[in-house]
Amino acid sequence: MILSEEIKRLFRIRKTMLQMLKDRGYLVGDIEINMTREQFILKYGENMKREDLVINRAKSNDNTDQIYVFFPKEEKVGIKTLEIYTTRMKTENVCRAILVVQQNLSPFARKHIFENASKFHLEVFREAEVLFNIKEHVLVPEHQVLTDKEKKTILQRYSLKETQLPRIHVSDPISRYYGLQRGQVVKIIRPSIIGGRHITYRFVI
């Protein structure tokens, strides 16, 4: 079967987003992540629309904590589309969503997201950023996001304040992948010739 470049692109993007959600602790099955292109086409059709690819998942440890992933059809998303999404989210009591956009948002759309940040947490990724899973790059070490309890344990063990830890910016690509928030701590595991592995911790700023 000859696949159009657009279908190939959307297939890869949706797979990356499913992997991202799973890595953030949302309920995503391996069967869905490992879906073949043929199965993808069978499910969504050869004339698939971006808006049909929407994803809604709950956290594995809390089914009330949900997230949406929207794939807007407009090349440049404006306020009208954002209002459609936030209305849907409000109706379903969902406060978090990821927008996978073809181009950057309009300045008015970005302002709208900022002004409604207290009600809805909207993340924005360009399609080009999620064509491949950054976590699978050979130069990216394993990252583990610590719970508040784990963070407290680490700080007590080393008699440190969180601000004394090495830092990672909230806008760092790996921070964005995991949806990290300021104040969180991430554990980074790198291979080590001497000790098998080398562990460091980063404080998100």
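Residues numbered from 1 in each chain as written. Predicted model: local features only at pLDDT ≥ 70, side-chain atom pairs only at ≥ 80, totals over all residues. Heavy atoms only, no water.

1. Brief notes about the UniProt feature "domain: RNA polymerase Rpb5 N-terminal" (unreviewed entry) in the protein
And then number 1: The feature "domain: RNA polymerase Rpb5 N-terminal" (unreviewed entry), as given by UniProt, occupies residues 5-89 in the numbering adopted here.
And then number 2: Segment residues 5-89 splits into 49% helix and 16% strand. End C-alpha atoms: 31 Å apart. (UniProt positions renumbered as here; feature names shortened; annotations may be inferred. Helix = DSSP H or I, 4+ residues; strand = E, 2+ residues; numbered from the N terminus.)

2. With respect to empty space enclosed by the protein
And then number 1: Here the structure, examined in full by the defined rule, presents one cavity of 30 Å³ or more.
And then number 2: Put simply, the largest cavity is a space of about 60 Å³.
And then number 3: Lining the largest cavity, in full, are Phe-11, Arg-14, Lys-15, Leu-18, Glu-32, Ile-33, Met-35 and Phe-40.
And then number 4: Take the lining of the largest cavity: its biggest share by element is four residues, from helix α1 (residues 5-23).
And then number 5: Looking at the lining of the largest cavity, its residues break down into five nonpolar, no polar and three charged. (1 Å grid on protein atoms, 1.4 Å probe; cavity = no way out; pocket = protein on both sides within 12 Å on 5 of 7 lines; lining within 4 Å. Points joined across faces, edges and corners; volume = space filled by probe spheres on them. Nonpolar A, V, L, I, M, F, W, Y, C, P; charged D, E, K, R; others polar.)

3. A few points about the nonpolar core
And then number 1: Counting 35 residues, the largest nonpolar core has Met-17, Leu-21, Phe-40, Val-69, Phe-71, Ile-98 and Val-100 as its most contacted members.
And then number 2: Put simply, the parts of the chain that give this core at least two residues each are α1, α3 (37-44), β2 (62-70), β3 (96-101), α7 (173-178) and β7 (185-192).
And then number 3: Ranked by the residues each element gives to this core, the list is headed by α1, at eight residues.
And then number 4: Residues lining this core come from more than one domain, with at least three contributed by each of domain 1 (1-132) and domain 2 (135-204).
And then number 5: Those residues in contact with Val-69 that lie beyond four places of it in its chain are Met-17, Leu-21, Val-54, Ile-55, Ile-98 and Val-100.
And then number 6: Core analysis: the next-biggest nonpolar cluster, separate from the first, contains 16 residues, Leu-82, Leu-99, Val-101 and Phe-120 among them. (Core = buried A, V, L, I, M, F, W, Y, C linked by side-chain atoms within 4.5 Å. Buried < 20%, exposed > 50% of the residue type's maximum accessible area, 1.4 Å probe, protein only. Domains from an automatic or database assignment. Contact = heavy atoms within 4.5 Å.)

4. A closer look at the packing of aromatic side chains
And then number 1: Per the stated rule, a full pass over the model turns up five aromatic pairs.
And then number 2: Taking the centre distance of 4.9 Å and the plane angle of 15° together, the rings of Tyr-68 and Phe-70 count as stacked.
And then number 3: Residue classification places Phe-70 among the buried residues on the basis of a relative accessible area of 2%.
And then number 4: A ring pair is formed by Phe-70 and Tyr-85, whose centres lie 4.0 Å apart and whose planes are at 5°; its orientation type is stacked. Here Phe-70, found in strand β2, pairs with Tyr-85, found in helix α4 (residues 79-91); they are 15 residues apart in sequence, far enough to count as distant.
And then number 5: Ring-pair connections join several aromatic residues into one group, and the members of that group are Phe-11, Phe-40 and Tyr-44.
And then number 6: One Lys or Arg, Lys-59, reaches over the ring of Tyr-26 and ends 5.0 Å from the middle of that ring.
And then number 7: Its guanidinium or amino end placed over the ring of Phe-125, Arg-176 lies 4.3 Å from that ring's centre, counting from NZ or CZ. (Phe/Tyr/Trp six-rings, centres within 6.5 Å; stacked < 30°, edge-to-face > 60°. Lys NZ or Arg CZ within 6 Å of the ring centre and 35° of its normal.)

5. What to know about the domain arrangement of the protein
And then number 1: Each assigned domain of the protein is listed here: domain 1 (1-132) and domain 2 (135-204).
And then number 2: Computed over C-alpha atoms only, the centres of domain 1 and domain 2 are separated by 26 Å.
And then number 3: The interface of domain 1 with domain 2 comprises 10 residues on the first partner and seven residues on the second.
And then number 4: Carbon and sulfur atoms supply 38% of the area buried between domain 1 and domain 2, which totals about 730 Å² over both sides.
And then number 5: The interface formed by domain 1 and domain 2 holds two salt bridges in total.
And then number 6: As a salt-bridge pair, Glu-129 and Arg-176 come within 2.8 Å of each other at their nearest N and O atoms.
And then number 7: If you look at where domain 1 meets domain 2, you find eight residue pairs in polar contact (both at pLDDT 80 or more).
And then number 8: Listing elements by their share of the side of domain 1 that touches domain 2, those giving two or more residues are α1 and β4 (121-126).
And then number 9: With four residues, the single largest contributor to the side of domain 1 that touches domain 2 is β4. (Buried area = accessible area lost by both parts, 1.4 Å probe. Salt bridge = Lys/Arg side-chain N within 4 Å of Asp/Glu carboxyl O. Polar contact = N/O pair within 3.5 Å; in protein donor to acceptor, adjacent residues only side chain to side chain.)

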